[in-house]
Amino acid sequence: MTTTAATAFPHIDATRQDCITDEQAQFFRDNGLLVIRNVLRGAELKAMQDETLPFVQRATGEKVNDPDFFYVKHQITGKETPFRVEYIIDKTKAGKSLLGHPFILRSVEKLQGRNFIPTWDSMVFKTEGAGAAIMWHRDAGMDCVADTPIFNVDFYLDVADMSNCLWGILGSNQWTPVEAQARINALNEGGFKTDADCVPIPMQPGDVIFHNILALHGSPASQTKLRRVVYYEFRAGETERAKGPHVPEYIPLKQKVLLACLRDRAHSPYAKGEKPFVYNPTQDFAAPSLGTGEQLSTYRYPHNEYWRKS
């Protein structure tokens, strides 16, 4: 019998609390996956849906000659299909405000401490009728991991049902590289497969998954409805400074992006009445100042321009 998300995860409703609890945070540390319902609602959800759809339409309407657009061979039809667009914060107004979401940032701070920074921001999607498989994987290896979890916040903009939802293995974030790679190889042999400890995670628009970059996860190829997920990754500043993968100069750049996005959120209509998050890193990670009325020239800092040299 397959374990379901309803029985595998604690029930968390973002309309009933303003941050994950200590118990929920410990569940995530132990298991590497956490589901939070009803994070995006109303006008904010619609804004994200409306502003990301043109990128899906463009990617499916033509082969976009842009390094931010990614394509892969569809396992069922054999045709090339788009599945990913990078730097969604820079590309959308709603994406900027979303980075300032107070429930999310309070929860990130609880898990990573005051000196966290945003790193990757992407949209991964399954197109209608030709959703690409995302084979079982870890997002990264152990090289840049310390005691504080590195994780993505996955914002669902569409329904994910049993035909196209994410699957994960609870506790796989604690496996050794050898153990993880052996399971990845077994589950991907001959195409995407699942086993008894693989948990399907159906989602509704506005729901969120936290997933540790070491947790095994993936999703099958599909021929059903459009499914978009926006991913924001966060890392503790201490870990990033000590281990990378970016050079230390990357940290204040992303802190300033976060400050600008917090300001953008404060001016958005759907943030009215919410308790805003206050970014307050320690003196050792003091954020650069953002001047009154100062506009960032970009919210996009290409990773390959900031890699540490080996």
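Novice: I'd love a proper account of the overall build of the protein chain, names of residues and values included.
Specialist: For the protein chain, the helix and strand inventory stands at nine helices and eleven strands. With respect to the principal axes defined by its C-alpha atoms, the protein chain has extents near 55 × 45 × 40 Å. Put simply, the protein chain has 310 residues, and 54% of those count as buried. For the protein chain, contacts bridging at least 24 residues in sequence account for 85% of all contacts bridging at least 6. Total accessible area on the protein chain is roughly 13900 Å²; 51% of this is exposed by carbon and sulfur atoms. Looking at the protein chain, you have 35 positive and 37 negative side-chain charges, and the mean spots of the two groups are 3 Å apart.

Novice: Outline the sheet that holds strand β5 (residues 134-137), supporting the account with residue identities and numerical values.
Specialist: Strand order in the open sheet formed by four strands is β5-β10-β7-β8, with antiparallel pairing between adjacent strands. One side of each edge strand has no neighbouring strand; the edge strands of this open sheet are β5 and β8 (199-201). Ignoring which end each strand starts from, the neighbouring axes of this sheet average 25° apart. Pairing geometry for strand β7 (residues 166-168) and β8, over three bridges, is antiparallel. By the bridge assignment for β8, leucine 166 is matched with isoleucine 201.

Novice: Could you give an account of the packing of aromatic side chains, naming the residues involved and the relevant values?
Specialist: Applying the stated criterion to the full structure yields 13 aromatic pairs. With a centroid separation of 5.9 Å and 75° between ring planes, the pair formed by phenylalanine 116 and phenylalanine 234 is classed as edge-to-face. Of the two residues, phenylalanine 116 sits in strand β4 (residues 116-126) while phenylalanine 234 sits in strand β11 (residues 227-236), which places them 118 residues apart along the sequence. Members of the aromatic cluster, joined through ring pairs, are Phe116, Phe234, Phe277 and Tyr279. The ring centre of phenylalanine 69 lies 5.2 Å from the NZ or CZ of arginine 58, which sits over that ring. For lysine 63, the ring lying beneath its charged end belongs to tyrosine 71, and the centroid distance is 5.0 Å.

Novice: Go over the pattern of salt bridges, please, and point to the residues and values.
Specialist: As enumerated under the stated definition, the model contains 16 salt bridges in all. Among the ionic pairs, lysine 46 bridges to aspartate 50, the shortest N-O distance being 2.6 Å. Here lysine 46 pairs with aspartate 50, and both are found in helix α3 (residues 42-61), just four residues apart, close to one helical turn. On the basis of relative accessibility, which here comes to 48%, the residue lysine 46 falls in the partly exposed class. Note on aspartate 50: relative accessible area 42%, which makes it partly exposed. The partner of arginine 235 in a salt bridge is glutamate 233, and the shortest N-O contact between them spans 2.6 Å. Residue arginine 235 is classed as buried on the basis of its relative accessible area, which comes to 5%.

Analysis parameters
Residues numbered from 1 in each chain as written. Predicted model: local features only at pLDDT ≥ 70, side-chain atom pairs only at ≥ 80, totals over all residues. Heavy atoms only, no water. Helix = DSSP H or I, 4+ residues; strand = E, 2+ residues; numbered from the N terminus. Buried < 20%, exposed > 50% of the residue type's maximum accessible area, 1.4 Å probe, protein only. Contact = heavy atoms within 4.5 Å. Areas by Shrake-Rupley, 256 points an atom, 1.4 Å probe, with all protein chains shown as cover. Lys, Arg positive; Asp, Glu negative; His and termini not counted. Charge placed at Lys NZ, Arg CZ, Asp CG, Glu CD. Pairing = 2+ DSSP bridges. Axes fitted to C-alpha atoms, helices over the stretch in contact; angles between N-to-C directions. Phe/Tyr/Trp six-rings, centres within 6.5 Å; stacked < 30°, edge-to-face > 60°. Lys NZ or Arg CZ within 6 Å of the ring centre and 35° of its normal. Salt bridge = Lys/Arg side-chain N within 4 Å of Asp/Glu carboxyl O.

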